[in-house]
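Remarks on the overall topology
Each chain, written out:
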Amino acid sequence: MKLNKKILNTLLGGTLGNHIWLYPTPINLTYFWSFGSLAGLILISQIVTGILLAMHYTANIHNSFSDLEHIMRDVVGGYGLRYIHANGASMFFIIVYTHMARGLYYGSYNEPRYILWVSGVILFLLMMATAFMGYVLPWGQMSFWGATVITNLFSAIPEVGNSIVQLLWGGFSVDNPTLNRFFSLHFTLPFLIAGVAGLHLVLLHEFGSNNPLGINTIIEKISFFTYFWIKDFYSLLLLILLFGMFVVNLPNTLGHPDNYIEAQPLVTPTHIVPEWYFLPFYAILRAIPDKLSGVISMFWSIVILLFLPWFDSSPIRSNFFKPFMLYCFIFFVLIMLTLGWLGQEEVDYPFLQFSTIISFLYFVYFKVLTLDNLI
Ligand code: HEM
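Note that the structure is predicted; figures quoted are calculated from it, not measured.

A short note on the UniProt feature "binding site: heme b b566" (unreviewed entry) in the protein
When the UniProt feature table is mapped to this numbering, "binding site: heme b b566" (unreviewed entry) covers His 99 and His 200. Taking the farthest pair of C-alpha atoms as the criterion, the annotated set spanning 102 residues converges on one region, since that pair is 13.2 Å apart. As for the annotated residues, the ones lining the largest pocket are His 99 and His 200. Relative to the assigned elements, His 99 resides in helix H5 (residues 78–105). For His 99, the contacting residues outside a window of four places in its chain are Phe 35, Gly 36 and His 200. A polar side-chain atom of His 99 sits 3.4 Å from the main-chain amide nitrogen of Gly 36. With respect to the helices, strands and loops of the structure, His 200 is situated in helix H9 (residues 176–207). Assessed through its relative accessible area of 19%, His 200 is described here as buried. Once residues lying within four places of it in the same chain are set aside, the contact partners of His 200 are His 99, Leu 116, Ser 119, Gly 120 and Leu 123.

Focus on the site of the ligand
Near the ligand lie 22 residues; those nearest to it are His 99, Ser 108, Gly 120, His 200 and Asn 210. Contact distances for the ligand include 2.8 Å between an oxygen atom and a backbone N or O atom of Asn 210. A molecule is said to occupy a pocket when more than half its atoms come within 2 Å of that pocket's grid points, and by this definition the ligand occupies the largest pocket. Counting only elements with at least two residues in the shell around the ligand, the list comes to helix H3 (35–54), H5, helix H6 (114–136) and H9. Split into classes, the residues belonging to the shell around the ligand amount to 12 nonpolar, 9 polar and 1 charged.

How each quantity is defined
Residues numbered from 1 in each chain as written. Predicted model: local features only at pLDDT ≥ 70, side-chain atom pairs only at ≥ 80, totals over all residues. Heavy atoms only, no water. UniProt positions renumbered as here; feature names shortened; annotations may be inferred. 1 Å grid on protein atoms, 1.4 Å probe; cavity = no way out; pocket = protein on both sides within 12 Å on 5 of 7 lines; lining within 4 Å. Helix = DSSP H or I, 4+ residues; strand = E, 2+ residues; numbered from the N terminus. Contact = heavy atoms within 4.5 Å. Polar contact = N/O pair within 3.5 Å; in protein donor to acceptor, adjacent residues only side chain to side chain. Buried < 20%, exposed > 50% of the residue type's maximum accessible area, 1.4 Å probe, protein only. Near = heavy atom within 4 Å. Sits in = over half its atoms within 2 Å of the grid points. Nonpolar A, V, L, I, M, F, W, Y, C, P; charged D, E, K, R; others polar.

What follows is the structure in structure tokens.
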């Protein structure tokens with residue numbers, strides 16, 4: 001009993017305790033500040049369900065597809081396990097996109113939180129790589145053709161492009177070595193994500209959270225426990241409702257039906273589309289008919305996030321006080337949604353032309369940030 005108390009005191013009074021228990025939190029945080037904790041929790045869920053799935057999965061082009069069916073039909077709880085993991089990836093992206101939009105809206109990327117923001121962009125890139133490789137593992141038609149299209153993008157790089165593609169493939173086409181590499185990386189990257197997420201939290205607590213007013217000096221702070229534990233717990237319940245609805249009622253809605261057809265290297269699907277969370281960037285990639293320019297635009301559309309403090313030097317962080325920027329932000333969200341819709345349409349008239357215009361507007365938003373945005 002005495003020992004337990006000692007352990008508890010060390011935990012709660014020590015570094016961990018300072019971060020999740022005593023952390024002085026601005027009193028005016030809204031539910032938008034729950035999305036960081038939710039992202040952490042869903043990451044844990046993905047790691048646990050991933051490890052359990054890996055116990056019944058073999059990364060081999062002759063077995064992987066049927067292994068997934070075996071998990072769903074024969075493994076105790078396998079049906080739930082697979083759908084929690086697959087839909088968990090989608091939930092993770094919904095949460096992280098909202099988390100990023102919150103940061104964008106309230107100007108959380110500006111000093112003193114710039115390095116924190118950079119760690120977030122790194123997390124985002126790692127998440128994208130992990131999700132992309134995870135989608136290849138069921139070895140369905142979309143797994144195979146998605147992997148072929150995306151890995152081929154590297155061939156646009158002059159001189160070294162083809163060597164990079166062959167290194168990724170482990171041969172001269174997407175095949176067994178590719179599947180093995182992707183499985184190995186898909187298994188290990190989430191642990192790197194967890195490490196970077198820990199660093200992200202330490203960086204946050206260095207200067208403390210931003211808040212809806214975007215000013216820090218006059219805001220009263222209270223301890224994270226119990227107030228924000230309860231608030232985050234309530235958000236978690238809502239997430240479980242949404243997540244549960246997908247897992248139980250709509251388990252395949254967010255996936256592509258073609259992935260229930262085993263990979264056939266000689267049969268190209270009429271329409272190759274990535275998972276929904278990649279669609280806005282996929283639309284930017286296809287908006288320019290030239291391959292290299294498309295790849296550069298797509299890459300730049302993500303990397304540009306690292307330069308936000310240079311675009312936006314306004315002394316007022318929160319868009320709440322800048323009506324013009326508030327409308328621009330709403331417009332930006334609409335641009336992202338439109339790009340998402342365009343990413344799954346054909347690369348033909350009128351979608352191609354429309355994608356070019358909307359992709360251009362995506363970059364215009366960052367230009368608008370450089371204007372004197374006090375209005
Ligand atoms: C694995 C993914 C991620 C996890 C687990 C995570 C976790 C967290 C947590 C727990 C917080 C504190 C609570 C909150 O403010 O919501 C936080 C804050 C923050 N995160 Fe993340 N995060 C992730 C991804 C990202 C990404 C992709 C970005 C941006 C590109 C980002 C930028 C920020 C910023 C700027 C803050 C401070 C916000 C403020 O104080 O207003 N995070 N994150």
